[in-house]
Amino acid sequence: MRSVARAAALVGAEAVRGGARPEVGAAKGLPGDWVTEVDLASERAIAGFLASETPSVPFVGEELGGAAPGSAVRWVVDPLDGTTNYVHGFWAVGVSVALVDGDRPVAGAVAAPFLGEIWHAAAGGGAVWERAGGSEPCRVSSRAPASAVVATGFPFRRKERLPRYLASMNAALEAFEDLRRPGAASLDLAWTACGVFDGFFELGLAAWDVAAGGLLVQEAGGAVSDWDGGDGWLGGDILAGSAAVHEALQSRVAAAGTGSPRDG
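**Q** Even after reading the chapter, I still don't get the pairing of strand β7 (residues 104–112), so can you show me in this structure?
**A** The side chains of a regular strand alternate between the sheet's two faces. Taken across its 9 residues, β7 has 7 buried, putting it largely inside the fold. When strand β6 (residues 94–101) meets β7, the two strands line up antiparallel, connected through 7 bridges. Across the sheet, residue Val 100 finds its bridge partner in β7, namely Pro 105. The antiparallel hairpin formed by β6 and β7 contains 2 residues in its connecting segment, where Gly 102 sits at a positive phi of about 65 degrees.

**Q** Looking at this structure, I do not really get empty space enclosed by the protein. What am I missing?
**A** Take a probe with the size of a water molecule and roll it over the atoms, and the empty space left behind shows itself. A full pass over the atoms with the stated rule returns 1 cavity of 30 Å³ or more. If you go around the largest cavity, the residues you meet are Phe 154, Pro 155, Phe 156, Arg 157, Arg 158, Glu 202, Leu 203, Gly 204 and Leu 205. Looking at the lining of the largest cavity residue by residue, the class counts come to 5 nonpolar, 1 polar and 3 charged.

**Q** I'm lost on the packing of helix α1 (residues 2–18) against helix α2 (residues 37–53) in this one. Help?
**A** Two measures define how a pair of helices packs: the angle their axes make with one another and the distance between the axes. The contact between α1 and α2 brings their axes to 8 Å, and the two run at 150 degrees. By the angle class used here, α1 and α2 are roughly antiparallel. By crossing handedness, the relation of α1 to α2 is classed as right-handed. Contacts from Val 4, Ala 7, Ala 8, Val 11, Gly 12, Ala 15 and Val 16 of α1 reach α2 at Val 38, Ala 41, Ser 42, Ala 45, Ile 46, Phe 49, Leu 50 and Glu 53. Residues belonging to the contact of α1 with α2 are distributed by class as follows: 12 nonpolar, 2 polar and 1 charged.

**Q** Teacher, can you tell me more about the packing of aromatic side chains here?
**A** Two aromatic rings, taken as a pair, are described by how far apart their centres are and by the angle between their planes. The tally for this structure, following the rule as stated, stands at 8 aromatic pairs. Between Trp 191 and Phe 197, the aromatic rings sit 5.8 Å apart at their centres with planes inclined by 90 degrees, giving edge-to-face as the arrangement. Each member of the pair, Trp 191 as well as Phe 197, is classed as buried. Chaining the aromatic ring pairs together yields one cluster made of Phe 154, Tyr 165, Phe 201 and Trp 227. Here the guanidinium or amino end of Arg 131 rests over the ring plane of Trp 129, the centre of that ring lying 3.7 Å away.

What counts as what
- Residues numbered from 1 in each chain as written.
- Predicted model: local features only at pLDDT ≥ 70, side-chain atom pairs only at ≥ 80, totals over all residues.
- Heavy atoms only, no water.
- Buried < 20%, exposed > 50% of the residue type's maximum accessible area, 1.4 Å probe, protein only.
- Helix = DSSP H or I, 4+ residues; strand = E, 2+ residues; numbered from the N terminus.
- Pairing = 2+ DSSP bridges.
- 1 Å grid on protein atoms, 1.4 Å probe; cavity = no way out; pocket = protein on both sides within 12 Å on 5 of 7 lines; lining within 4 Å.
- Points joined across faces, edges and corners; volume = space filled by probe spheres on them.
- Nonpolar A, V, L, I, M, F, W, Y, C, P; charged D, E, K, R; others polar.
- Axes fitted to C-alpha atoms, helices over the stretch in contact; angles between N-to-C directions.
- Parallel < 35°, antiparallel > 145°, perpendicular 65-115°, else oblique.
- Left-handed = near helix turned anticlockwise from the far one by under 90°.
- Contact = heavy atoms within 4.5 Å.
- Phe/Tyr/Trp six-rings, centres within 6.5 Å; stacked < 30°, edge-to-face > 60°.
- Lys NZ or Arg CZ within 6 Å of the ring centre and 35° of its normal.

This is how it looks when you write it as structure tokens:
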């Protein structure tokens, strides 16, 4: 299924590259949450490809829905991660395709349409980064936390979560060398898997944002958890990185959350 995930991500990437970029997107109901015709075209292309390759496997996509998220085995797809970036002409956008069994991704791929790069992984089979000049195995970085550059994203759709996030961000800025916020979680996780970033943390994402990227980090030797240190990161609250950076993230998030309002 790894090769199918890779091919499906490339199908979506081709649809994204071939689309006409609008100057604005259509609002999906939450502030800053946009959809374009290119998102929809990419999702339709991926869904069609997967239906032909794996007709018995249900599909759930960010834009058009599909199988219930609780389906035992299903494809989970973000056809254009970073739509705001795309609308603004900032090419940090991804296409994320993952095969999920229960609450565990078992194969996945993330493509960067405008960078010409793709990452893919299978549970127990390692992770690979393909780019100009060839491919190489993904490995998380070995930098110490004090020298780490960690990616993040803001819970802009869920303003009530800002107190917990901002306390954690302040703690992360004190612990690490610096933070980055490119705006596409699937790419943040792919870059973490291959050591460009040393870790990643965000609240309030969805399974299609993190399923493939989280698997990449795990298969690259890293650690992935939810903000409580458990296995529920497909729910969208995610900490990821090398073992050392993940441990530092987890301890800072836990300390920052003490006495802060918790999300229901």
